[in-house]
Amino acid sequence: MEVDDDPRRGFTGAGVPQEYAIHGIYGVGVHVTGPDTAVEFAANHLGAREGLAEGDRFALEAGRSGLGGAVELVVNRTDGPGTWIYGAGTIHHFAWNADNLKNQDELKFEIEGAGYTDLSELRDRKYFKSIYVRSPGGALFELAVTHNEGGWDCDESPQELGKRFQLPDQFESRRDEILGRLEPIDI
């Protein structure tokens, strides 16, 4: 979607001219099996604000108003429900910024208290800490705290970010296997 009043400047490296540069995301679309409980869940427990509804599409807004905060729920009753395992060939889930660990814990307590018990325990992902929750519409959401101790540069300096393939410690023993599955990138 093109947004004419987008103040962000896109990345023009690798021969991409400014008029085609990606500025960021406008929002996300989420397939759900039914709209009512999914909209209520996002509005009551994840801070989303209800917007327009058109047929089987429901627009929500999350976080600050503007770019990057659009969440569109699309009713899809033909696909099977998602699982807790990896989603090959598709985006598996997206994350809501829980801001800090105290807020993340309070959100989990609130969601469980409302009867939604399909939540994970806290997962330390090295660069962020997350809790995962299966929404009543079937979508998997992550409640993440991304600016915890260490952060994105905990294993390399800001000048080196992205130059080496980094893995969380629990996957380091499988480095060769994981790298063997990736297609090479020519720069």
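So, here is what we can say about the structure in this document.

**Observations concerning the overall build of the protein**
Working step 1: The helix and strand inventory of the protein stands at 3 helices and 8 strands.
Working step 2: Counting from the amino terminus, helix and strand elements in the protein follow one another as β-α-β-β-β-β-α-β-β-β-α.
Working step 3: The 187 residues of the protein split such that 32% are buried.
Working step 4: Counted over contacts in the protein with a minimum sequence separation of 6, partners at least 24 positions apart contribute 48%.
Working step 5: With the model as given, the accessible surface of the protein reaches about 13000 Å², and the carbon-plus-sulfur share is 53%.

**Quick notes on the sheet that holds strand β5 (residues 94–97)**
Working step 1: Reading across the sheet, the 4 strands line up as β5-β8-β7-β6 and stay open at both edges, with mixed pairing between neighbours. Looking at the sheet topology across the chains shown, the edges are occupied by β5 and β6 (123–124).
Working step 2: In terms of strand pairing, β5 meets strand β8 (residues 140–145) through 4 bridges, oriented parallel. Each bridged residue has a counterpart across the sheet, and for Asn 97 the counterpart in β8 is Ala 144.

**Overview of unusual backbone geometry**
Working step 1: In this model, Asp 99 sits at a positive phi of 75°, which is unusual for a non-glycine residue.
Working step 2: Here Asp 99 lies in the loop between β5 and α2 (101–113).

**A few points about the environment of Arg 164**
Working step 1: If you trace the backbone, Arg 164 turns up in the loop between β8 and α3 (175–181).
Working step 2: With sequence-adjacent residues up to four places away left out, Arg 164 is seen in contact with Glu 156 and Arg 175.

**A look at the sheet that holds strand β3 (residues 57–61)**
Working step 1: Sheet architecture is open: 4 strands sit in the order β1-β4-β3-β2, paired in mixed fashion. If you trace the sheet from one side to the other, it starts and ends with β1 (27–32) and β2 (49–54), each paired once. When strand polarity is set aside, the average angle formed by the axes of neighbouring strands in this sheet is 20°.
Working step 2: Bridge count between β3 and strand β4 (residues 70–75): 5 bridges; the pairing is antiparallel. Each residue of the ladder has a partner; that of Glu 61, found in β4, is Ala 70.
Working step 3: Relative to the sheet, helix α1 (residues 35–45) contacts β1, β2, β3 and β4, its axis offset from that of β3 by approximately 0°.

**Observations concerning a nonpolar patch on the surface**
Working step 1: A contiguous nonpolar patch, built from Phe 165, Leu 179 and Leu 182 and spanning about 240 Å² of accessible area, is present on the exposed surface.
Working step 2: Its place among the elements puts Phe 165 in the loop between β8 and α3.
Working step 3: A relative accessible area of 33% means that Phe 165 is categorised as partly exposed.

**What to know about the environment of Cys 154**
Working step 1: In this structure, Cys 154 sits in the loop between β8 and α3.
Working step 2: With 28 residues separating them along the chain, Cys 154 and Lys 126 place their C-alpha atoms 8.2 Å apart.
Working step 3: Other than its neighbours up to four places away in sequence, Cys 154 contacts Lys 126 and Tyr 127.

**Some details on α2**
Working step 1: With 13 residues, α2 ought to run about 18 Å at 1.5 Å a step, and its terminal C-alpha atoms sit 18 Å apart, in line with that.
Working step 2: Where α2 is concerned, the buried positions are Gln 104, Leu 107, Lys 108 and Ile 111. One side of α2 holds all its buried residues, which, seen down the axis, span an arc of 100°. Looking at α2, the residues exposed on the side facing more than 90 degrees away from the buried face are Lys 102, Asp 105, Phe 109 and Gly 113.
Working step 3: Looking at the buried side of α2, the elements it contacts are α1, β7 (129–134) and β8.
Working step 4: The N-cap residue of α2 is Asn 100: its side-chain oxygen and the backbone nitrogen of Lys 102 are 3.2 Å apart.
Working step 5: Just past α2, the residue Gly 115 takes up positive phi, approximately 100°.

Conventions we followed
- Residues numbered from 1 in each chain as written.
- Predicted model: local features only at pLDDT ≥ 70, side-chain atom pairs only at ≥ 80, totals over all residues.
- Heavy atoms only, no water.
- Helix = DSSP H or I, 4+ residues; strand = E, 2+ residues; numbered from the N terminus.
- Buried < 20%, exposed > 50% of the residue type's maximum accessible area, 1.4 Å probe, protein only.
- Contact = heavy atoms within 4.5 Å.
- Areas by Shrake-Rupley, 256 points an atom, 1.4 Å probe, with all protein chains shown as cover.
- Pairing = 2+ DSSP bridges.
- Axes fitted to C-alpha atoms, helices over the stretch in contact; angles between N-to-C directions.
- Patch = residues over 30% accessible without salt bridge, like charges linked within 9 Å, V, L, I, M, F, W, Y side chains within 5 Å.
- Salt bridge = Lys/Arg side-chain N within 4 Å of Asp/Glu carboxyl O.
- Expected span 1.5 Å × (residues − 1).
- Arc of directions from axis to C-beta.
- Polar contact = N/O pair within 3.5 Å; in protein donor to acceptor, adjacent residues only side chain to side chain.

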